[in-house]
Amino acid sequence: MSHLVSDMLQLASADSHTWSMCPEKTELDTLLLQMWEDFEPVALARHLRWDIVLPEDPIPECFCDGERIRQLLSILIDNAFSYTPSGGAVRLTLQYHTPDSFSIAVSDNGPGIPDEEKESVFERFHRLDASRKEKSHFGLGLCIAQEIVQLHRGKILLTDTPGGGATFTVLLPIGKR
């Protein structure tokens, strides 16, 4: 219940445009590697292959709120882990998308999201599978993720993973240098 209340308070702050952000220079490759390490025990417990793909060449720092980006990635990774069956795979990818932006993707090989559901997954209280009885999912995570992306003047895209599954891609501007 406290998780639900926290999510609702965050969305209320977003609605009233009072959601705080503390942007600073952030090394996204380091942040993603830390996220990968944080979620590795969960992946092992759920018998999932958990991969990370980072650029080989050095990339510039991103001017963003690192804690909000962690929150965003936690939502996307948790969803991927929740919907990917045991023995499946989840991948976290960072790319230097354009000279002015980064691409961060969380992809899985779970059941995927039907085309008719793709736009509504970002709506409040939307749950793809109404039969899920898990109390830890209230259908607010992707709405919060979208708010975080918009706060950073970015975009979030949902596509099918080749071979099956879902891929959420965040396009994040580099920001002030």
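Notes on the structure in this doc start here.

Calculation notes
Residues numbered from 1 in each chain as written. Predicted model: local features only at pLDDT ≥ 70, side-chain atom pairs only at ≥ 80, totals over all residues. Heavy atoms only, no water. Buried < 20%, exposed > 50% of the residue type's maximum accessible area, 1.4 Å probe, protein only. Helix = DSSP H or I, 4+ residues; strand = E, 2+ residues; numbered from the N terminus. Salt bridge = Lys/Arg side-chain N within 4 Å of Asp/Glu carboxyl O. Pairing = 2+ DSSP bridges. Axes fitted to C-alpha atoms, helices over the stretch in contact; angles between N-to-C directions. Contact = heavy atoms within 4.5 Å.

Time to look at helix α4 (residues 141–151). For an α-helix, the turn length of 3.6 residues means that residues three or four places apart are oriented alike. Those residues of α4 lying buried are Leu142, Cys143, Ile144, Ala145, Glu147, Ile148 and Val149. Trailing α4 by a residue or two, Arg153 shows a phi angle of about 60°, which is positive.

What follows deals with the pattern of salt bridges. According to the stated counting rule, one finds 6 salt bridges in the structure shown. Between Asp115 and Lys118 there is a salt bridge, with its nearest N and O atoms 2.7 Å apart. Classification of Asp115 as exposed rests on a relative accessible area of 59%. Judged by its relative accessible area of 15%, Lys118 falls in the buried class. Between Asp160 and Lys118 there is a salt bridge whose closest N-O contact spans 2.8 Å. Highlighted residues: Asp160 in strand β6 (residues 155–160) and Lys118 in the loop between β5 (101–108) and α4, separated in sequence by 42 residues. Overall, Asp160 belongs to the partly exposed group, its relative accessible area being 45%. One network of salt bridges, with partners in common, ties together Asp38, Glu67 and Arg70.

Our next topic: unusual backbone geometry. In the Ramachandran plot, His47 falls in the positive-phi region, its phi being about 60° despite a non-glycine side chain. As for its placement among the helices and strands, His47 is situated in the loop between α2 (28–45) and β2 (49–53). Located in the positive-phi region is Arg153, a residue other than glycine, with phi close to 60°. Here Arg153 is to be found in the loop between α4 and β6. In this structure Arg153 comes out as exposed when scored by relative accessible area, which is 75%.

Our focus in this paragraph is the sheet that holds β6. Pairing is mixed across the open sheet formed by 5 strands, whose spatial order is β2-β4-β5-β7-β6. Looking at strand neighbours, the two that pair on one side only are β2 and β6, the edges of this open sheet. Each adjacent strand pair in this sheet contributes to an overall mean axis angle of 15°, direction not counted. Both strand β4 (residues 89–98) and β5 contribute to a ladder of 8 bridges, which runs antiparallel. Pairing of Leu94 across the sheet is with Ile104, part of β5. The strands touched by α2 within the sheet are β2, β4, β5 and β7 (166–173), with β2 carrying the most contacts at an inclination of about 175°.

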